[in-house]
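Here is how the chains run, residue by residue.
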Amino acid sequence: MRIDVITIFPDYLAPLELSLIGRARREGLVELVVHDLRVWTHDRHRTVDDSPLGGGAGMVMKPEPWAEAFEAVRTAGREQLGEHAQPLVVFPNPAGTPFVQDTAAQWSQREWIIFACGRYEGIDERVYEHLADQGYELALTSLGDYVLNGGEVAVLAITEAVVRLVPGVVGNAESLVEESHSQGLLEYPLYTRPASWTAPDGALREAPPVLLSGDHARIAAWRRDQAMERTARRRPDLLPDP
């Protein structure tokens, strides 16, 4: 998988060198390239924004550097992946469709994703129109019903959610099957050794005996019941209508 990120704050993406994502990059499972949008400006101030037409607060990102950036990044990507490679262009945007686990699973199958990190009040609408006319596949996605200062935080979260599903990134692939949202439910409670633990307040806290039984069918049934109960209590919206 190839991932390109276009941003005015390249250093913001430094955490992608860490943990599983960093290892996946070093092992060649994922190639991730971060681009500074200001490279495609042509004034001495490296300007990427201007005041909104029609008035209003804040600033809007200019279309010219974005158009040049996308063309340069697409050219570079096709040199690596082939002249017919088509990227999915993702704009983190509070007006986009919700990013959910199913989205992560679908995008983990993509050969190439370009993330565009907007800032200020957003990107000039003509950028989206231009890209669509040029044959790009676009996706506007939102982490939730709130507004961030820019797309970089969302790209960090989305990249981790997507890349960890790429085959080979997570050592034990079975761990992906039962985690929260993978089957429409929240994950069941987890326990480890010691089975009996004396907490700092002196209370003795025991792990559920079923987990020590060695009966895998009973354990699976208990975990399923716990996942249902937890989902009903915390996220009833995830359950189908009765």
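Residue numbers here run from 1 along each chain, matching the order of that chain's written sequence. In keeping with the predicted nature of the model, local features appear solely for residues at pLDDT of at least 70, side-chain atom pairs appear and are counted solely at 80 or more, and the whole-chain, interface and lining totals rest on all residues. The side-chain figures draw on all heavy atoms in the structure; neither hydrogens nor water molecules are used.

An unreviewed UniProt entry lists the chain under the name tRNA (guanine-N(1)-)-methyltransferase, with Candidatus Brachybacterium merdavium given as the organism. UniProt positions are given in the numbering used here, feature names are shortened, and annotations may be inferred rather than shown by experiment. What UniProt records for the chain under Sequence similarities (unreviewed entry) is the sentence "Belongs to the RNA methyltransferase TrmD family." Of the chain, the UniProt comment under Subunit (unreviewed entry) reads exactly: "Homodimer."

1. A word on the overall build of the chain
Comment: elements are numbered from the N terminus, with helices defined as DSSP H or I runs of at least four residues and strands as E runs of at least two. Scanning the chain from terminus to terminus reveals six helices and nine strands. Here the C-alpha coordinates of the chain stretch approximately 70 × 40 × 40 Å along the principal axes. Counting only residues that meet the buried cut, the chain has 38% of its 242 residues in that class. Throughout, a residue-residue contact means that at least one pair of heavy atoms, one from each residue, lies within 4.5 Å. Taking the intrachain contacts of the chain between residues at least 6 apart in sequence as the baseline, contacts between residues at least 24 apart amount to 73%. Reported accessibility uses the Shrake-Rupley method at a 1.4 Å probe radius. Residues are deemed covered only where the shown protein chains occlude them. When the accessible surface of the chain is summed, it comes to about 14100 Å², and 52% of that surface belongs to carbon and sulfur atoms. Counted charges follow a simple rule, with Lys and Arg positive, Asp and Glu negative, and His plus the chain ends left uncounted. Every charge is mapped onto a representative atom, which is NZ of Lys, CZ of Arg, CG of Asp or CD of Glu. Of the side-chain charges in the chain, 23 are positive and 36 negative, and the distance between the mean point of each set is 6 Å. Buried residues are those whose accessible area, probed at 1.4 Å on protein chains only, stays under 20% of the maximum for their type, while exposed residues exceed 50% and partly exposed ones sit between those limits.

2. Quick notes on the nonpolar core
Judged by nonpolar contacts, the single largest core of 27 residues is most densely connected at Val-5, Trp-107 and Phe-115. Counting only elements with at least two residues in this core, the list comes to strand E1 (2–7), helix H1 (19–26), strand E5 (88–98), helix H3 (101–107), strand E6 (112–116) and helix H5 (152–163). Of the residues forming this core, the biggest block, seven residues, is contributed by H5. What we call a nonpolar core is a set of buried Ala, Val, Leu, Ile, Met, Phe, Trp, Tyr and Cys residues that are connected through their side-chain atoms within 4.5 Å. Val-48, Met-61, Phe-91 and Ile-123 belong to the second largest nonpolar core, which has 21 residues in total.

3. So, the sheet that holds strand E7 (residues 137–142)
Ordered by their spatial adjacency, five strands build an open sheet running E2-E1-E6-E5-E7, and the pairing between neighbours is parallel. Two strands bound the open sheet, and with one partner strand each, they are strand E2 (31–36) and E7. For this sheet the average axis-to-axis angle between neighbouring strands, irrespective of direction, equals 30°. Bridge count for E5 against E6 is three bridges, and the pairing is parallel. Paired with Val-89 across the bridge in E6 is Ile-114. The pairing criterion is simple: DSSP has to find at least two bridges between the two strands. Convention adopted: a line fitted to C-alpha atoms gives each axis, helices being fitted over their contacting stretch, and angles between N-to-C directions are expressed from 0 to 180 degrees.

4. Side note on the pairing of E1
With six of six residues buried, E1 lies mostly within the body of the structure. Of the strand pairs in this sheet, E1 and E2 are connected by six bridges, and their pairing is parallel. If you follow Val-5 over to E2, its bridge partner there is Val-34. Between E1 and its parallel partner E2, the chain crosses via H1, and the hand of that crossover is right-handed. As defined by bridge partners, E1 adjoins E6 across five bridges and the pair is classed as parallel. Of the residues in E6, the one forming a bridge with Val-5 is Phe-115. Here a crossover is taken to be right-handed if, once the strands point away from the viewer, the path from the first strand over the helix to the second is traced clockwise.

5. As for the side chain of Asp-124
Structurally, Asp-124 is set in the loop between E6 and helix H4 (125–133). If near-sequence neighbours (up to four positions away) are discounted, Asp-124 is found in contact with Val-60, Met-61 and Pro-63.

6. A few points about the UniProt feature "binding site: S-adenosyl-L-methionine" (unreviewed entry) in the chain
According to UniProt, the "binding site: S-adenosyl-L-methionine" (unreviewed entry) feature falls on Gly-118, Leu-143, Gly-144, Asp-145, Tyr-146, Val-147 and Leu-148. Looking at the element boundaries, Val-147 is found in the loop between E7 and H5. A residue is classified by how much of its surface remains accessible, and Val-147, at 68% relative accessible area, is exposed. Locating Leu-148 in the fold gives a position in the loop between E7 and H5. Judged by its relative accessible area of 36%, Leu-148 is partly exposed. Sequence-distant contacts of Leu-148, defined by excluding residues within four places in its chain, comprise Val-153 and Ala-154.

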